[in-house]
Every structure is written in C-alpha cells, then in structure tokens.
Amino acid sequence: MNIIDTNNLSDSAVKELIQELKNFLKPTTIDIPQLGKYKKEASLVGKRHGIEYKFHVYRGNIQVKYSIHLRFVKNDVHLVRLCINGTKHHNEDGTVVGKNHIHIYKKHNDHIESYAYDLKQFPFDESSELSEGVEKFLSYVNIRERDEKI
C-alpha cells in the first residue's frame, strides 16, 4: 500500500484517488425521499491506498439545491464536492463559476484551494434530482457498495 500525503496531492494523484475503488466500511443504506430535508454521512476506505473518507449528502428544504462530497477523514479536506443550485464560486485565479459546479482538490502555492469547475466537462446535470445526482457521484468517485440499497 502506497502512503499518500493528502495535504500535498499532485493533479495525477488526485485523479488516481478519484478512480480508486472505494467501499463503505459498514453496510450503508441510501434511501432518499423525494421531499424534505435529507442528510447522510458514511465512512469509506480506498482499496489501493487505504485512505479513509467521509461521504456526505445534504439537501435542505429547497428540493433543487443539494451538495454531495467526499472528503479525507485525516484532514477534513474535500477530494470532490458537487454543488447544485448553490451560490456562485470565485476561484483564486479570478475565474467565477455559476451556482452548479464541482470542486476538485487542487494544490495552489502552499495551500489547498477550494477550486470549482463548471459542470460541462463532468457527468453531472443541474436538473438531476438528488437520487440521480448521488448515483452519478458514486460512479464518478468509484464507490462500490456491498449489498447496500440506493
């Protein structure tokens, strides 16, 4: 098992971690109601590097606004975070992305930047309901379930 410093990831290491197979540490049911608030957090582990993650899904009272993220347990830094119908995001390089975007871990100078990208290059759709967004997110970050219900 390769030891990876989650405080200092290169772009290629980020891609490798996104593609790495991950499993829930214990049986997890993701049963999303069509209406109302929904919050779910579960623990995962990467199969190749043994990195522990927190998977988090949140929808408030507004049905079309939600966020899904995968972050490292060790330092609470996001590897990937999907924001649907949130607020615009201003990146440190001066670019601005709209209310539907994805954050992917990016090292900038001496710190980890919360860099956001437009969804055009990613398999997400701002018109997706939360349940569809979760399925696409699980696929994108390569999370596999063992006898769990979605």
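Our subject is the structure listed above.
What comes next concerns the included structure.

On to the overall build of the protein. The secondary structure content of the protein amounts to 2 helices and 12 strands. For the protein, the N- to C-terminal ordering of α and β elements is α-β-β-β-β-β-β-β-β-β-β-β-α-β. For 150 residues, the compact-globule estimate of 2.2 N^0.38 gives 15 Å, and the protein sits close to it at 15 Å. Here the C-alpha coordinates of the protein stretch approximately 40 × 40 × 25 Å along the principal axes. Looking at the 150 residues of the protein, the share that counts as buried comes to 43%.

What follows concerns the packing of aromatic side chains. Following the criterion strictly, the structure yields 9 aromatic pairs and no others. Pairing F122 with Y140 gives two aromatic rings, centres 6.0 Å apart and planes at 75°, and the pair type is edge-to-face. A residue pair is termed long-range when its members are at least 10 positions apart, and F122 in the loop between β11 (116–118) and α2 (130–140) and Y140 in helix α2 qualify at 18 residues. Taking the relative accessible area as the measure of exposure, F122 reaches 17% and is therefore buried. Take Y140: its relative accessible area is 22%, and that puts it in the partly exposed class. The structure contains a cluster of three or more aromatic residues connected by ring pairs, namely F24, F55, Y115, Y117, F122, F124, F137 and Y140.

The rules behind each value
- Residues numbered from 1 in each chain as written.
- Predicted model: local features only at pLDDT ≥ 70, side-chain atom pairs only at ≥ 80, totals over all residues.
- Heavy atoms only, no water.
- Helix = DSSP H or I, 4+ residues; strand = E, 2+ residues; numbered from the N terminus.
- Rg over C-alpha atoms; globule rule 2.2 N^0.38 Å.
- Buried < 20%, exposed > 50% of the residue type's maximum accessible area, 1.4 Å probe, protein only.
- Phe/Tyr/Trp six-rings, centres within 6.5 Å; stacked < 30°, edge-to-face > 60°.

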